[in-house]
Amino acid sequence: KGRGSRLAACTATAVLRDTLAALNQLPRAAVQFRKKLPPRFQPILAQLEGRVRKALNPNEAYSMVPGRDPENGQAPARNQLDIAPG
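A brief look at the structure comes next.

Cut-off values and rules
Residues numbered from 1 in each chain as written. Predicted model: local features only at pLDDT ≥ 70, side-chain atom pairs only at ≥ 80, totals over all residues. Heavy atoms only, no water. Helix = DSSP H or I, 4+ residues; strand = E, 2+ residues; numbered from the N terminus. Buried < 20%, exposed > 50% of the residue type's maximum accessible area, 1.4 Å probe, protein only. Contact = heavy atoms within 4.5 Å. Salt bridge = Lys/Arg side-chain N within 4 Å of Asp/Glu carboxyl O.

## So, the environment of Leu 45
Item 1. Assignment of secondary structure puts Leu 45 in helix α2 (residues 42–55).
Item 2. Owing to a relative accessible area of 21%, Leu 45 belongs among the partly exposed residues under this scheme.
Item 3. Spatially, the C-alpha atom of Leu 45 lies 8.9 Å from that of Arg 34, the residues being 11 residues apart in sequence.
Item 4. Among all residues touching Leu 45, those that are not within four sequence positions of it are Phe 33, Arg 34 and Leu 37.

Encoded structure:
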């Protein structure tokens, strides 16, 4: 492996690590946010969350990733991912 591919692998590993750490914090942060939200807005938030969740299409979650075709749900092959060094 060349130096560039090792760097890309390290960068991808760091991005994955940081993303997972952030995702692990979301439930706790959501609870704290709801606690601070004035009670009159809590039912509105719950209603909006329901609408948004119903409207989301999981197949489009990564539609902005280069090489992904959201029309047929195809993800790019692993060697097609262009991960720039960070």
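Anyway, onward from the coordinates.
## Structural notes on the pattern of salt bridges
Item 1. Applying the stated rule across the entire model yields 2 salt bridges.
Item 2. Among the salt bridges present, the one from Arg 17 reaches Asp 18, with a minimum N-O distance of 3.0 Å.
Item 3. Judged by relative accessible area, which is 52%, Arg 17 ranks as exposed.
Item 4. By relative accessible area, which is 44% here, Asp 18 ends up partly exposed.
Item 5. Across the pair Arg 34 and Glu 49 runs a salt bridge, and its minimum N-O distance is 2.2 Å. Of the two residues, Arg 34 is situated in helix α1 (residues 3–36) and Glu 49 in helix α2; the sequence distance between them amounts to 15 residues.
Item 6. The class of Arg 34 is partly exposed, set by a relative accessible area of 31%.

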